[in-house]
Amino acid sequence: MAKIVRYECKRLLWNKFFVGLVLVLLFYGWQILTGATILGVAHTAPFSPWSFGDYLSRALPLLWIGALFFMTFFTSGKARRTAALTGAAPMSPRRYALARCTAALAGTALLALACLAEAAVFYGCYFGWYGWGELLVPALITLVPPLVFALGSGFLLGRLRSWLLYLWMLVPFVCLALPLPESLSLWNGSFFSRYPLAADSLDPAFALPTAVLLVQVLLFAVGVGLLLFRWGKQGRL
């Protein structure tokens, strides 16, 4: 099992696409940090949870695309032909499916960690600030639910038609163009720039309205459910 996971991780991560995606993500992230985050968002400090969450929400479309691109390695025509061979192997197809899910999660986590590490370097170099405990909650709330949902929905869509993954990559950009309600405002980043302005004080403590939290929990639950459904189908694409 461990050998299969290592093989799938090598396929996903040891290629020009992954290196190029990381470089693009870091370049774009640095532009956000030095162009918008450094000024603070909604009259908050650059290293406040609000400004940090705004940075993550701006980087999220690229992370979403990266997660879905990982799915194309498992849903392409070549992968479907390979599945016929692995299906005849003595190892359970479910274990192959679990290995692929693990590799996709690992790749997505590395992209997110690159985004977080860049912010750490920025805050340390520009402000000498290292209070990362304050930013853990906005990081988890902003990144984990949508990326898990991207992986789960990507497996489902790729199983139906591989080209649907490329259409699904446009979802974050569609959200940016729509006037979403507050419960979905994390999807277009408006939550971090608007909610602090409605508070009674400048730079308020980070808090999530119940509706926003419920949407994020639901996204996470649906994403996990789709991944389990994919595994339960014995990994057959």
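Definitions and cut-offs
- Residues numbered from 1 in each chain as written.
- Predicted model: local features only at pLDDT ≥ 70, side-chain atom pairs only at ≥ 80, totals over all residues.
- Heavy atoms only, no water.
- pLDDT = per-residue confidence, 0-100.
- Helix = DSSP H or I, 4+ residues; strand = E, 2+ residues; numbered from the N terminus.
- Salt bridge = Lys/Arg side-chain N within 4 Å of Asp/Glu carboxyl O.
- Buried < 20%, exposed > 50% of the residue type's maximum accessible area, 1.4 Å probe, protein only.
- Phe/Tyr/Trp six-rings, centres within 6.5 Å; stacked < 30°, edge-to-face > 60°.
- Expected span 1.5 Å × (residues − 1).
- Patch = residues over 30% accessible without salt bridge, like charges linked within 9 Å, V, L, I, M, F, W, Y side chains within 5 Å.
- Areas by Shrake-Rupley, 256 points an atom, 1.4 Å probe, with all protein chains shown as cover.
- Core = buried A, V, L, I, M, F, W, Y, C linked by side-chain atoms within 4.5 Å.
- Contact = heavy atoms within 4.5 Å.
- Polar contact = N/O pair within 3.5 Å; in protein donor to acceptor, adjacent residues only side chain to side chain.
- Axes fitted to C-alpha atoms, helices over the stretch in contact; angles between N-to-C directions.
- Parallel < 35°, antiparallel > 145°, perpendicular 65-115°, else oblique.
- Nonpolar A, V, L, I, M, F, W, Y, C, P; charged D, E, K, R; others polar.

Considering the confidence of the model for the protein
Chain-level pLDDT for the protein is 85 on average; 89% of the residues reach the 70-or-more range. Across the protein, the element-wise mean pLDDT spans from 52 in helix α4 (residues 77-86) up to 93 in helix α2 (residues 16-35).

Focus: the pattern of salt bridges
Should their charged atoms come close, side chains of opposite charge can pair. As enumerated under the stated definition, the model contains 1 salt bridge in all. For Asp54, the salt bridge goes to Arg58, with nearest N and O atoms at 2.8 Å. Linking Asp54 with Arg58, this pair stays in helix α3 (residues 49-75), spanning 4 residues, or about one helical turn. Judged by its relative accessible area of 39%, Arg58 falls in the partly exposed class.

Some thoughts on the packing of aromatic side chains
Under the definition given, this model contains 29 aromatic pairs. Both rings, one in Phe122 and one in Phe127, keep their centres 5.8 Å apart while their planes meet at 80 degrees; by these two values the pair is edge-to-face. Phe122 sits in the buried class, given a relative accessible area of 0%. Among the aromatic residues, ring-to-ring pairing joins Trp30, Phe47, Phe52, Tyr55, Phe122, Tyr123, Tyr126, Phe127, Trp129 and Trp132 into one connected group.

A few points about helix α6 (residues 136-160)
Given a rise of 1.5 Å per residue, 25 residues ought to cover 36 Å, and the 36 Å separating the end C-alpha atoms of α6 matches this to within 8%. Along α6, 18 of the 25 residues are buried, which leaves the element largely enclosed by surrounding structure.

A closer look at a nonpolar patch on the surface
Taken together, the side chains of Trp163, Tyr166, Leu167, Leu170, Phe173, Val174, Leu176 and Leu178 define a hydrophobic patch exposed on the protein surface, amounting to about 790 Å² of accessible area. Put simply, the parts of the chain that give the nonpolar patch at least two residues each are α7 (164-168) and α8 (171-177). Per-element accounting of the nonpolar patch gives the leading share, 3 residues, to α8. The residue Tyr166 is located in helix α7 in this model. A relative accessible area of 44% means that Tyr166 is categorised as partly exposed.

Description of unusual backbone geometry
Residues other than glycine seldom take positive phi values, yet Ala42 does so here, at roughly 55 degrees. Along the chain, Ala42 turns up in the loop between α2 and α3. Given the relative accessible area of 17%, Ala42 is considered buried. In the Ramachandran plot, His43 falls in the positive-phi region, its phi being about 65 degrees despite a non-glycine side chain. By the element assignment, His43 lies in the loop between α2 and α3.

A short note on the nonpolar core
Counting residues in hydrophobic clusters, the biggest one holds 56 residues, and the most contacted among them are Phe52, Tyr55, Met71, Leu111 and Trp187. Those elements that place two or more of their residues in this core are α1 (2-13), α2, α3, α5 (93-127), α6, α8 and α10 (210-232). When near neighbours in sequence (up to four residues on either side) are disregarded, Trp187 contacts Trp64, Pro146, Phe149, Val171, Cys175, Leu180, Gln216 and Leu219.

Let's talk about the side chain of Asn188
Here Asn188 is to be found in the loop between α8 and α9 (190-194). You can call Asn188 buried: its relative accessible area is 17%. A distance of 3.4 Å separates a polar atom in the side chain of Asn188 from the backbone oxygen of Leu178. There is a polar contact of 2.8 Å between the side chain of Asn188 and the side chain of Ser190. Apart from the residues lying within four places of it in its own chain, the contact partners of Asn188 are Cys175, Leu176, Leu178 and Leu180.

So, the environment of Leu105
Tracing the sequence through the fold places Leu105 in helix α5. For Leu105, a relative accessible area of 38% gives the class partly exposed.

Looking at the packing of α2 against α3
At their nearest, the axes of α2 and α3 sit 9 Å apart, and the two run at 170 degrees to each other. Between α2 and α3, the angle is such that the two are roughly antiparallel. Residue-level inspection shows Phe17, Phe18, Leu21, Val24, Leu25, Tyr28, Gly29, Ile32 and Leu33 of α2 in contact with α3, the latter providing Tyr55, Arg58, Ala59, Leu62, Leu63, Gly66, Phe69, Phe70 and Phe73. Residues of the contact of α2 with α3, tallied by class, amount to 15 nonpolar, 2 polar and 1 charged.

A closer look at the environment of Leu165
Here Leu165 lies in helix α7. In this structure, Leu165 is in contact with Leu68, Met71, Thr72, Thr75, Gly154, Leu157 and Gly158, ignoring residues within four places of it in sequence.

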